[in-house]
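Below, each chain spelled out in residue letters.
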Amino acid sequence: MQRWRGQDDIPTDWGRCVVTIGVFDGVHRGHQELINHAVKSGRTRGVPTVLMTFDPHPKEVVFPGSHPAQLTTLTRRAELVEELGIDVFLVIPFTADFMKLSPERYIHELLVERLHVVEVVVGENFTFGKKAAGNVELLRQAGERFGFHVEAMSLVTEHHQHETVTFSATYIRSCVDAGDVVAAAEALGRPHRVEGVVVRGDGRGRGLGFPTANVAPPMYSAIPADGVYAAWFTVLGHGPITGSVVPGQRYKAAVSVGTNPTFSGRTRTVEAFVLDAEADLYGQHVAVDFVARLRGMEKFDSVDDLIAQMGRDTEHARAVLTD
């Protein structure tokens, strides 16, 4: 898969293509339907399929300071859409100037002149251009003029517990924020992942008999609610590791998210205790895939009570991940 950043990366001799457009944060099941349709159409037409996304999140530019929690990094997004068959991952820098682009210029300069689209696949609620003035109907009118087809896909919904749920990044963020990682996984089609670099903490876990990897995620990452979770732990890097952990192999883990109230902590952390393996992981880029919430965060009366509970959490996590 080719990865382009900005319009200038588009080759001047670029041919025709099918394009699907959106932020695609999470690459959830709704996104997957869009992408699958676009890829199938591209293969039927014999042209590449381009996924066009934006960085930073448009909301951060339109309403500074309102950047929503990020479900997937750009790198992770690229990996996921490549697995779905996308040929080109195009990241458009969402700047103040780009935000002011009229819908007509957006279509003509980007879609027609640069990408030479034969088909545009978007969600039925897709908007674009200055003040989000462009919509599917305007896109279809332009398609009739410039000779490209527009496919507007319905939003993906499912009936859950007497209510209809629409799969969206906003819905999944609310699930993650509430600690409902099971519901998040249902909408994503896989467990919610938090990536980060392992940094040095206060070393308290090792002293308690449960050495943990202190994972520092990127800014804006969607972190589940405080509590203890069963999760899969994977080292994503390929550098040398001292210990028994193999890069790329996933391991069972019990993960604590919170401020360590028993020790009057104030800094919110993500700490993973990797089961059945031990290694020096400082500086490693790792992933934590959250499978189930085991309990909320608690303040214990004594360190011995905490250690006993950590032992129970470890066995609970093992059982959940073995099922």
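I will try to describe carefully the structure that is included in this document. Since the model is a prediction, treat every value here as computed from it, not as a measurement. (Residues numbered from 1 in each chain as written. Predicted model: local features only at pLDDT ≥ 70, side-chain atom pairs only at ≥ 80, totals over all residues. Heavy atoms only, no water.)

### Describing the overall build of the protein chain
Working step 1: Looking only at helices and strands, one finds 10 helices and 16 strands in the protein chain.
Working step 2: C-alpha extents for the protein chain along the principal axes are approximately 75 × 50 × 40 Å.
Working step 3: Here the protein chain holds 323 residues, and the buried ones make up 49% of them.
Working step 4: A separation threshold of at least 6 residues defines the contact pool for the protein chain, and within that pool the share at least 24 residues apart is 74%. (Helix = DSSP H or I, 4+ residues; strand = E, 2+ residues; numbered from the N terminus. Buried < 20%, exposed > 50% of the residue type's maximum accessible area, 1.4 Å probe, protein only. Contact = heavy atoms within 4.5 Å.)

### Focus: the layout of surface pockets
Working step 1: One number sums up the size of the largest pocket: a volume of about 1100 Å³.
Working step 2: If you trace the largest pocket, you find 41 residues lining it, with Gly22, Val23, Asn125, Phe126 and Thr127 closest to the centre.
Working step 3: Secondary-structure elements contributing two or more residues to the lining of the largest pocket are helix 1 (29–45), helix 2 (58–62), helix 4 (96–99) and helix 7 (169–177).
Working step 4: Per-element tally for the lining of the largest pocket: the top contributor is helix 1, with four residues.
Working step 5: Taken together, the residues of the lining of the largest pocket sort by class into 21 nonpolar, 13 polar and seven charged. (1 Å grid on protein atoms, 1.4 Å probe; cavity = no way out; pocket = protein on both sides within 12 Å on 5 of 7 lines; lining within 4 Å. Points joined across faces, edges and corners; volume = space filled by probe spheres on them. Nonpolar A, V, L, I, M, F, W, Y, C, P; charged D, E, K, R; others polar.)

### Description of helix 5 (residues 103–114)
Working step 1: Taking 1.5 Å per residue as the helical rise, helix 5 with its 12 residues ought to reach 16 Å, and the 15 Å between its terminal C-alpha atoms agrees with that figure.
Working step 2: Of the residues making up helix 5, those classed as buried are Pro103, Tyr106, Ile107, Leu110, Leu111 and Val112. Taken down its axis, helix 5 places every buried residue within 160° of arc, on the same side.
Working step 3: Turning to helix 5, the residues buried within the fold contact strand 2 (17–21), strand 3 (49–55), strand 4 (88–93), helix 4, strand 5 (117–123) and helix 6 (136–146).
Working step 4: Trailing helix 5 by a residue or two, His116 shows a phi angle of about 55°, which is positive. (Expected span 1.5 Å × (residues − 1). Arc of directions from axis to C-beta.)

### Topic: unusual backbone geometry
Working step 1: The step from Asp55 to Pro56 runs through a cis peptide bond, and the omega angle for that step is 0°.
Working step 2: Position of Pro56 among the secondary structure elements: in the loop between strand 3 and helix 2.
Working step 3: Backbone geometry places Lys131, a non-glycine residue, at a positive phi of 55°.
Working step 4: Tracing the chain through its elements places Lys131 in the loop between strand 5 and helix 6.
Working step 5: Exposure remark for Lys131: the relative accessible area of 77% places this residue in the exposed category.

### Here's the deal with the nonpolar core
Working step 1: Formed by 31 residues in total, the largest nonpolar core has its most connected members in Ile21, Met52, Leu111, Leu115 and Leu139.
Working step 2: Taken together, the elements giving at least two residues each to this core come down to strand 2, strand 3, strand 4, helix 5, strand 5 and helix 6.
Working step 3: Counting residues per element, this core draws most heavily on helix 5, at five residues.
Working step 4: In this structure Leu139 touches Ile107, Leu111, Val120, Val122, Phe126, Phe128, Phe148 and Val150, once residues within four positions along its chain are discounted.
Working step 5: With 25 residues, the next largest nonpolar core counts Val235, Ile241, Ala253 and Val288 among its residues. (Core = buried A, V, L, I, M, F, W, Y, C linked by side-chain atoms within 4.5 Å.)

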